[in-house]
Amino acid sequence: MFIAALERYFEFQSLGANWRTEILAGVTTFMTMAYIIFVNPSILRETGMPFPAVLAATCLCAALGSIIMGVVARYPIALAPGMGLNAYFTYTVVKGLGIPWQTALGAVFLSGIAFFILTASGIRRMIVSAIPFQLYSAVAAGIGLFIAFVGMRNAGIVVASPATLVTLGNLRQPSTLLAIFGLLLTAALLAWNLRIAILAGILITTAVGAVFGLVTWQPHLYSFADIRGTAFHLDIAAAIHVGLAEIVFVFLFVDLFDNVGTLVAVGKRAGLFNRAGEIPRIDRILYSDATATVIGSLAGTSTVTSYVESAAGVVAGGRTGVPAIVTGLLFLVALLFAPLFGAIPAAATAPALIIVGSMMAVHAAEIPWNDPVIAIPAFLIVVAIPLTFSIANGLAFGFTAWTVIKVARGQWREVNWLVYLLTALFLARFFWLGAA
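Our subject in this report is the structure included herewith.

Calculation criteria
Residues numbered from 1 in each chain as written. Predicted model: local features only at pLDDT ≥ 70, side-chain atom pairs only at ≥ 80, totals over all residues. Heavy atoms only, no water. Helix = DSSP H or I, 4+ residues; strand = E, 2+ residues; numbered from the N terminus. Expected span 1.5 Å × (residues − 1). Buried < 20%, exposed > 50% of the residue type's maximum accessible area, 1.4 Å probe, protein only. Patch = residues over 30% accessible without salt bridge, like charges linked within 9 Å, V, L, I, M, F, W, Y side chains within 5 Å. Areas by Shrake-Rupley, 256 points an atom, 1.4 Å probe, with all protein chains shown as cover. Salt bridge = Lys/Arg side-chain N within 4 Å of Asp/Glu carboxyl O. 1 Å grid on protein atoms, 1.4 Å probe; cavity = no way out; pocket = protein on both sides within 12 Å on 5 of 7 lines; lining within 4 Å. Points joined across faces, edges and corners; volume = space filled by probe spheres on them. Nonpolar A, V, L, I, M, F, W, Y, C, P; charged D, E, K, R; others polar. Arc of directions from axis to C-beta. Contact = heavy atoms within 4.5 Å. Phe/Tyr/Trp six-rings, centres within 6.5 Å; stacked < 30°, edge-to-face > 60°. Lys NZ or Arg CZ within 6 Å of the ring centre and 35° of its normal.

Quick notes on helix H3 (residues 19-33)
The terminal C-alpha atoms of H3 lie 21 Å apart, and with 15 residues this matches the ideal 21 Å at 1.5 Å per residue to within 8%. Of all 15 residues in H3, 11 are buried; the element is thus mostly enclosed. Among the residues making up H3, those that are buried are Thr 21, Glu 22, Ala 25, Gly 26, Val 27, Thr 28, Thr 29, Phe 30, Met 31, Thr 32 and Met 33.

What about a nonpolar patch on the surface?
On the surface, Ile 123, Met 126, Trp 417, Leu 421 and Leu 425 cluster together into a nonpolar patch covering about 450 Å² of accessible area. Secondary-structure elements contributing two or more residues to the nonpolar patch are helix H8 (123-130) and helix H21 (417-433). Among the elements that line the nonpolar patch, the one with the most residues is H21, at three residues. When you line up the elements, Leu 421 lands in helix H21.

So, the layout of surface pockets
The computed volume of the largest pocket comes to approximately 1100 Å³. Lining the largest pocket are 44 residues, with Tyr 35, Val 39, Met 83, Tyr 307 and Glu 309 sitting closest to its centre. Listing elements by their share of the lining of the largest pocket, those giving two or more residues are H3, helix H4 (36-44), helix H6 (85-94), helix H9 (136-155), helix H13 (245-270), strand S4 (304-306), helix H17 (338-342) and helix H18 (346-360). Tallying contributions element by element places H9 first for the lining of the largest pocket, with five residues. For the lining of the largest pocket, the class distribution of residues is 26 nonpolar, 15 polar and three charged.

Concerning H4
It helps to recall that an α-helix has 3.6 residues per turn; residues three or four apart then point in one direction. Where H4 is concerned, the buried positions are Ile 36, Ile 37, Asn 40, Pro 41, Ile 43 and Leu 44. Seen from one end, H4 has its buried residues packed into an arc of 160°, which puts them on one side. Where H4 is buried, its residues meet H3, helix H5 (51-73), strand S1 (79-81), H6 and helix H16 (322-336).

Observations regarding the packing of aromatic side chains
Applying the stated criterion across every chain yields a total of eight aromatic pairs. Geometrically, the ring pair formed by Phe 149 and Phe 389 is edge-to-face, given 5.9 Å between the ring centres and 80° between the ring planes. Of this pair, Phe 149 sits in helix H9 while Phe 389 sits in the loop between helix H19 (372-387) and helix H20 (391-408), and the two are 240 residues apart along the sequence. Put simply, the rings of Phe 146, Phe 149 and Phe 389 touch in pairs and so form one group of aromatic residues. The ring of Tyr 9 carries Arg 74 above its face, with NZ or CZ at 4.8 Å from the centroid.

Written as structure tokens, this is what we have:
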């Protein structure tokens, strides 16, 4: 009876979902984003924050944020402290401006409250609606390239180059060879229509890596008690006193448009848009994201946001909120077995990101490339997201170009007032705040 009620709540029948696929999708999403358990504390520790405390906060916030998204919004979107935002928090705010990490956490808290206000007033929903529907496909395709690029970088297939920015890596490196093996294995499993292909690829590649000594195991005990080193240490009064409006705006801006981009990409891949081109229950998604950010600031970590790696779970068949809940529960378990999850090498998860990126690139076919009004902004979105390493930057370029082209064609009356306001904010961010 209880199981049947859950299936009705999560709309299993209308979405064609089943428990086995949904749970495996959640495990797949977790596997592709488990790296954040150690990466986030490694970045934030440079501010002086204790590593064990940030690790505990990372697991707790990712768990609560993902579970809230799954239960309240019922979408297969997982949340965790955002990459890029944690770097901005550490290197720009704390180390660059000399602001104590407690005050920086206060700024994150204020940005979370601003999220709530914008959501409650309907402005965040209006922003999502203001994005031309035709550009949604470009966002999905651009994020696909972004995910694939991250995967190729993590695999060592693509490396930095002072002459050409990026170049081909050393394919004879053992870890790169392992990643290539995982990529071919996962592709072969998908070709055989195996639903657990991505998860199986990660696990088998990890096992092969262990055989060849490419998996590092470092036993260490962590506990939720460690979180006391950062929990409730935020200094909201100081954040208000020193006038961190610019910093709060950047946290707000980047998280808002990263969240919108992830929502659009995952929603299109999962077929979650309705016939009117709208995303049902979008307010619940936005409230869940805002709640996670506030929880993160209280627990002691940088802005918590939606993760594009959620697309891996969608590709694995996830359609309801169950995968997000499963991902959240695994983050709770991860604190007890953190070294075990930390042993999964980047070479094992990189192939999954490349595969997911290739599948999302299909949305480029939905763009009317013969119409310059849409094609040029769409192209800017597709290339700017991976090349600037930012979903928010990609949206800014495409959105601004679309507005300028519409005005140049004399169709300025067709542009919503909110679009003009957003374009002005984009330009202000680029020329006043700089890149972030």
